[in-house]
Amino acid sequence: MKFTALLVVALVSGFGFFAAARWIPYFDRTRMAPFDAMLTLADVKADENVRARLEAQAARRHVWGAIGTGVGYSAGLMASMLWDPTVVDDDGLLALAGFFVGVAIGQSLSALFPVNPPNGPVRVTAMQPHGMTDYLHRREIAVEVSLAVLGWASVVSGTLASTNRVDVPVSDATGLALVLAGALLGFVATTTLVGQRWLLTTPLRAQDEDQLVAADIVLALGLRDLFGMTISATPLAASTTWFLPDRAWWLPATFTAAALVSVGAALGVRKRPNLAPVAHRLSARSRTA
Amino acid sequence: MTLLVIDHDSVVPPFEQLRTQVAAMIVTGELEPGQKLPTVRQLASDVGLAANTVARAYRELEADGVISTQGRRGTFVRSRLFEQQDAMSPEGAARQAAINFTQTARRNGMSLAEATRLVEAAWPRTTS
């Protein structure tokens, strides 16, 4: 009975978040903003055909993001309510984390399903490899990997300390905090790396130049969505360690330092062509032609 | 930047479309020396071809000496600097002559065995 009530509360509030993200006019009006930002950062001039494709994709991304928001919030809220309430202190941090993870995964998944996929006999390519280092800066990859390692190392050391398997001077509260914050960070960073790899191994299919430019921008934005997910999860993981009582001082210090480094990496994104290499090169050619 | 276009309805076989266009992109400088090319699997999925078809085109381009596969590092457009340095060495000169001979033999529809027989027949007639 209690579980059913929790499930109903989680589903209703999740639907509320979905409805807000889907139907509040502001979110619909600003759905092209991330695409415009990507075009500016990657130094790409999009003509009308490319913009039309991107606007169609923005509508799809908006819907997927709203679905992700609802599902993520429901799952996070359910998890936080099933967990010992004294641990999460009813702050709903897991629900908030679910919100951020859900919206990012939903938006990035929309990149896997482009609007109007090519259907003719002709395919075009720019002979451009699309591996991790072709679209992401090495520093960003290093941040993602480091956060995943920090997360899972925290889970392992917290588990060992909590179960008294090793003789370490770590209190039970610190061990629990290590597991909680580490699991959140490790899960999100690993999901980011796996999701980015998945996006990059997906074919960049196009039957003309405009479609190729649009596909490249969509791919680049999907990768940035996932990167942003890790960045937003790091301060959340850090704040989890702040609220837990009786934990060692170095724990929030470590996670806060990680949060500052990751946010710094996100703010350090500057205008650079290899954010969307194919679109940038094609756009540069059309400007000089 | 020129796009590589594969027409699945064309009478020209896909591997030949791929081979000639990549070679043209290298000659015109669209693909620069040392530039990394997509993996066989990636290129095949991007343009909707079988991996074997792309692998065959890459093999022929490598045989023509315009690209080189460097194990797990990937496939690269051959560097002109490397070609110049290579051509100045005795082995490099012989390699270049072999590439020219192979291209001529291929253009005339000869098989590897027939081309090899020609080399074997010519070998005793020449002096070092």
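Residue numbers restart at each chain and count upward from 1, following the sequence in its written direction. Chains and ligands are labelled by the order in which they are written, letters from A for the one and numbers from 1 for the other. Totals for whole chains, interfaces and linings use every residue, but because this is a predicted model, local features are given only for residues with pLDDT of at least 70 and side-chain atom pairs only at 80 or more, for both listing and counting. The side-chain numbers reported here are obtained from all heavy atoms of the structure, hydrogens and water having been left aside.

1. Thoughts on the overall build of chain A
Our working definition: Runs of H or I in DSSP of at least four residues are treated as helices and runs of E of at least two as strands, each being numbered from the N terminus. Within these notes, the globule rule equals 2.2 Å times the number of residues to the 0.38 power, and the radius of gyration is based on C-alpha atoms. Each residue gets one of three labels from its accessible area relative to the maximum for its type: buried under 20%, exposed over 50%, partly exposed in between, using a 1.4 Å probe on protein chains only. Here, two residues are considered to be in contact whenever any of their heavy atoms come within 4.5 Å of each other. The method behind every accessible area is Shrake-Rupley, applied with a 1.4 Å probe, and residues are considered shielded solely by the protein chains displayed. Counting rule for charge: Lys and Arg are taken as positive, Asp and Glu as negative, and neither His nor the chain ends is counted. A single reference atom marks each charge: NZ on Lys, CZ on Arg, CG on Asp, CD on Glu.
Tallying secondary structure elements over chain A gives 12 helices and 1 strand in all. Order of helices (α) and strands (β) in chain A, N terminus to C terminus: α-α-α-α-α-α-β-α-α-α-α-α-α. The C-alpha atoms of chain A give 21 Å as radius of gyration, which agrees with the globular expectation for 289 residues (19 Å, within 12%). Counting only C-alpha atoms, chain A reaches 70 × 40 × 30 Å along its principal axes. Counting every position in chain A, which comprises 289 residues, the buried fraction comes to 47%. Considering only contacts in chain A between residues 6 or more positions apart, those separated by 24 or more positions represent 85%. On chain A, roughly 13,500 Å² of surface is accessible, and the fraction owed to carbon and sulfur atoms is 66%. Treating the 23 positive side-chain charges of chain A as one cloud and the 21 negative ones as another, the clouds have centres 7 Å apart.

2. Structural notes on the interface of chain B and chain A
For clarity, the cut-off: Any Lys or Arg side-chain nitrogen found within 4 Å of a carboxyl oxygen on Asp or Glu counts as a salt bridge. Three classes are used: nonpolar for Ala, Val, Leu, Ile, Met, Phe, Trp, Tyr, Cys and Pro, charged for Asp, Glu, Lys and Arg, and polar for all others, with Gly counted as polar. In this description, strands pair whenever DSSP reports at least two bridges between them.
With 23 residues of chain B at the contact, the number on the chain A side is 19 residues. Viewed at the interface, chain A and chain B are joined by 0 salt bridges. Of all the elements in the fold, those that place two or more residues in the side of chain B that touches chain A are strand 1 (4-7), helix 1 (14-27), strand 2 (36-37) and helix 2 (40-47) of chain B. Among the elements that take part in the side of chain B that touches chain A, helix 2 of chain B stands out by supplying 5 residues, more than any other. The residue makeup of the side of chain B that touches chain A, split by class, is 13 nonpolar, 5 polar and 5 charged. Sheet topology note: the strand 1 (residues 122-125) of chain A/strand 1 of chain B ladder contains 4 bridges and is antiparallel. Looking at the pairing, threonine 125 of chain A lines up with leucine 4 of chain B of strand 1 of chain B.

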